[in-house]
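If you want the building blocks of each chain, they are given just below.
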Amino acid sequence: MLGRREDLPYRLHLLAGAGVSRGVDGTSAASVGACDRGAADEKGPAMRVSSQGVTVVALLADPDVPTEIAQRMAETLPARLADRSGQGRRFDVEVISEPFTSETEDPSTLMRRIMNRGSAENWDIVVALTDLPLHSHGRKLALNLNHEHGLALLSLPSLGGLRLQTRARRAVEEAVLGLAGPPATGTEEPPQSQPLLGPFVSRLAPIHPGPVDEEETTDLRYVVTGPRGYLRVLFGMVRANRPWRLVPGLSKALAAALATGAIATLDSTTWSLTEALSTPRLVVAMVGSVGLMIGWLIVDGELWHRSAEVSREARQRARLYNASTVLTVGIGVLVCYAGLIVINLVWALFILNDQVFTSMTRAPLRATEYWTLAWFVASVATVGGALGSGLESDEAIRAAAYSKREQERRSMLQDNHSDQRSE
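Let us look at the structure shown here. Since the structure is predicted, the reported quantities are computational estimates derived from the model, not experimental observations.

The next subject is the overall build of the protein. Scanning the protein from N- to C-terminus turns up 14 helices and eleven strands. Per-residue burial over the protein gives 48% buried out of 423 residues. Summarising the internal contacts of the protein: among those between residues at least 6 apart in sequence, 77% fall at separations of at least 24. For the protein, the accessible surface area stands at approximately 19,600 Å², while carbon and sulfur atoms represent 56% of it.

Here's what the structure looks like:
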């Protein structure tokens, strides 16, 4: 039966370097011979299908988040494509984890790389996924398509930070079905006049067709526009950085914060201050400590992006990168702060004695006092964590704050700036 998952498994290849593949072929139907590339002619695109009636789709994904998304997607993608395409068509999906965006974020260069990569394999369609924010003609790129060679390049941050897996699956489905094309009847229009339909491009989504130069490999492009599009890409970048991993990645800062909180909870001066501080002052202490931690991590880890270019597009990219940095670090620090409140509250419940507390502060130890003490101590511990982060290396801070692709991109920019200074 065509829609059954066991009849249409996918293959996974993890590439540690160029020309090195690991994996096991999971289906006999995937052992296809020569493929009809289905190049578009003047009458329209032909249906892309191998000699055995199977359209082979390769999901070329950057390591880390894009690969994880591609692997989950590939479990159901063959059956979904077959159901949507109809006409008894079959699809085989392969997942290839490979850093195809290494040392560049130029869409034209990436499309040529994808084309060269696909020409060496028996693939009918190649869809590349990256968690880097890409730009073209001053606009934020969502999707590049090449119907002649069956290529697609999808920038995951353009899909936003919510329901990323679902949005990515829908975008890939629309791209594959558009590239596969209908059976050639001689009545189809050129690909430029056949924009993608469905949930990927709707009246509510800030994604629209973008300009394409004649000399480009791309023949159809979708870009993200407007303030909603900016916020969508920004939150997508933050989602790709996974800010909740910031605290576990900074072990020295976390140890300093926990030690500071444990000591402050036992200090009678802290108890007296807690009783004397009003709620507005506690809020000021929280904002100040969180702001100090964010600023210290950005400055000490050299996370602030400075563009060597003076163009308007370069300045826009720099603002976008810095905004994502502030949000990523800010969310990570807030997660740390919330965790410190919980830990300090549990520690206080375990260690404090109501008689000792009352003798020192002349106030009974009630639930309000426990909460206020844990809140204030969390602010003190956050400052201690900021000081402890000074013991972390710049590489450790970047690894905790950014995705793998973003780390490599910033490392490349730093190397370029160093070369320019040496010259």
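Buried residues dominate strand β9 (residues 151-155), accounting for five of its five residues. Of the two faces of β9, the one holding Leu151, Leu153 and Ser155 and the one holding Ala152 and Leu154 are both buried throughout. Bridge analysis of strand β8 (residues 139-146) against β9 gives four bridges, and the strand direction is antiparallel. Bridging across to β9, Asn144 finds its partner in Leu153. As consecutive antiparallel partners, β8 and β9 are separated by four residues, and within that stretch Gly150 has a phi angle of approximately 70°, a positive value.

Let us now look at helix α7 (residues 251-265). Along its 15 residues, α7 runs 21 Å from first to last C-alpha, staying within 8% of the 21 Å computed at 1.5 Å per residue. Within the sequence span of α7, burial applies to Ala253, Ala257, Gly261, Ala264 and Thr265. The arc enclosing the buried residues of α7, seen along the axis, measures out at 95°, which places them on a common side. Elements in contact with the buried residues of α7: α8 (268-276), α9 (279-300), α10 (312-351) and α12 (367-388).

Take the packing of helix α5 (residues 226-241) against α10 next. The interhelical angle for the contact between α5 and α10, taken along N-to-C directions, is 50°, at an axis separation of 9 Å. The angle between the axes of α5 and α10 places the two elements in the oblique class. Considering only the axes of α5 and α10, their crossing is right-handed. Contacts from Tyr230, Val233, Leu234, Phe235, Met237, Val238 and Asn241 in α5 reach Arg319, Leu320, Tyr321, Ala323, Ser324, Leu327, Thr328 and Ile331 in α10. Residues belonging to the contact of α5 with α10 are distributed by class as follows: eleven nonpolar, three polar and one charged.

Procedures and definitions
- Residues numbered from 1 in each chain as written.
- Predicted model: local features only at pLDDT ≥ 70, side-chain atom pairs only at ≥ 80, totals over all residues.
- Heavy atoms only, no water.
- Helix = DSSP H or I, 4+ residues; strand = E, 2+ residues; numbered from the N terminus.
- Buried < 20%, exposed > 50% of the residue type's maximum accessible area, 1.4 Å probe, protein only.
- Contact = heavy atoms within 4.5 Å.
- Areas by Shrake-Rupley, 256 points an atom, 1.4 Å probe, with all protein chains shown as cover.
- Pairing = 2+ DSSP bridges.
- Expected span 1.5 Å × (residues − 1).
- Arc of directions from axis to C-beta.
- Axes fitted to C-alpha atoms, helices over the stretch in contact; angles between N-to-C directions.
- Parallel < 35°, antiparallel > 145°, perpendicular 65-115°, else oblique.
- Left-handed = near helix turned anticlockwise from the far one by under 90°.
- Nonpolar A, V, L, I, M, F, W, Y, C, P; charged D, E, K, R; others polar.

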